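Below are the chains, spelled out letter by letter.
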Amino acid sequence: MKAENTVEIDLAGKTSLADTMIVTSGRSDRHVGAIADRVIKDLKDKGFGNARVEGLPACDWVLIDAGDVLIHVFRPEVRGFYNLEKMWGADRPQDRAS
């Protein structure tokens, strides 16, 4: 789905919410929605059950809670505003392959 600036943050020992957080961006609200829909479908198809999802109607920021993994899909301006990478102590993205 060509998600951009994908970062994986190890949460082990930092919180009991999850073990891993994935933060990525889409270029527009439609792109964010498409990325989120694909992630949700892939999780279900691979047997991870129904993930809890927040933010799909607006698609500025979609949170997918898949249990041990939290996935955040942002529009770039919203991602910059909340800056989860800094909050959780991860380095800024370096254009990793998505």
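Criteria and thresholds
- Residues numbered from 1 in each chain as written.
- Predicted model: local features only at pLDDT ≥ 70, side-chain atom pairs only at ≥ 80, totals over all residues.
- Heavy atoms only, no water.
- Buried < 20%, exposed > 50% of the residue type's maximum accessible area, 1.4 Å probe, protein only.
- Helix = DSSP H or I, 4+ residues; strand = E, 2+ residues; numbered from the N terminus.
- Pairing = 2+ DSSP bridges.
- Axes fitted to C-alpha atoms, helices over the stretch in contact; angles between N-to-C directions.
- Contact = heavy atoms within 4.5 Å.
- Polar contact = N/O pair within 3.5 Å; in protein donor to acceptor, adjacent residues only side chain to side chain.
- Salt bridge = Lys/Arg side-chain N within 4 Å of Asp/Glu carboxyl O.

Engineer: Explain the pairing of strand S5 (residues 69–74) here, please?
Structural biologist: In regular strands, side chains alternate between the two faces of the sheet. Counting buried residues in S5 gives 5 out of 6 residues, a clear majority hidden from the surface. Pairing analysis gives 6 bridges linking strand S2 (residues 20–25) to S5, with the strands arranged parallel. Each residue of the ladder has a partner; that of Thr-24, found in S5, is Val-73. Bridging between strand S4 (residues 61–65) and S5 involves 5 bridges; their strand directions are antiparallel. What sits directly across from Trp-61, in S5, is Phe-74. Counting the residues that bridge the hairpin from S4 to S5 gives 3 residues, and of these Gly-67 lies at a positive phi of roughly 90°.

Engineer: How should the sheet that holds S5 be read in this particular structure?
Structural biologist: Strand pairing in a sheet is mediated by backbone hydrogen bonds. Such pairs are either parallel or antiparallel. With mixed pairing, 5 strands are arranged side by side in an open sheet as S1-S2-S5-S4-S3. A strand with exactly one partner marks an edge of an open sheet, and here the two such strands are strand S1 (4–10) and strand S3 (52–54). Taking each pair of neighbouring strands and ignoring which way they run, the sheet shows an average axis angle of 15°. Across the sheet, helix H1 (residues 29–45) is in contact with S2, S3, S4 and S5; its angle to S4 comes to roughly 10°.

Engineer: How should I be thinking about the side chain of Thr-6 in this particular structure?
Structural biologist: Relative to the elements of secondary structure, Thr-6 occurs in strand S1. Overall, the relative accessible area of 18% leaves Thr-6 in the buried class. In terms of polar contacts, Thr-6 uses its side chain to reach the side chain of Thr-24, at 2.7 Å.

Engineer: Is there a simple way to think about the pattern of salt bridges in this case?
Structural biologist: Close approach of charged atoms lets side chains of opposite charge pair. Following the criterion strictly, the structure yields 7 salt bridges and no others. Put simply, Arg-38 and Asp-42 hold a salt bridge, and the shortest N to O gap is 3.4 Å. You can see Arg-38 and its partner Asp-42 sitting in helix H1, 4 residues apart, about one turn around the helix. Owing to a relative accessible area of 42%, Arg-38 belongs among the partly exposed residues under this scheme. Residue Arg-79 pairs with Glu-85 through a salt bridge whose shortest N-O separation is 2.3 Å. Using a relative accessible area of 4% as the deciding quantity, one classes Arg-79 as buried.

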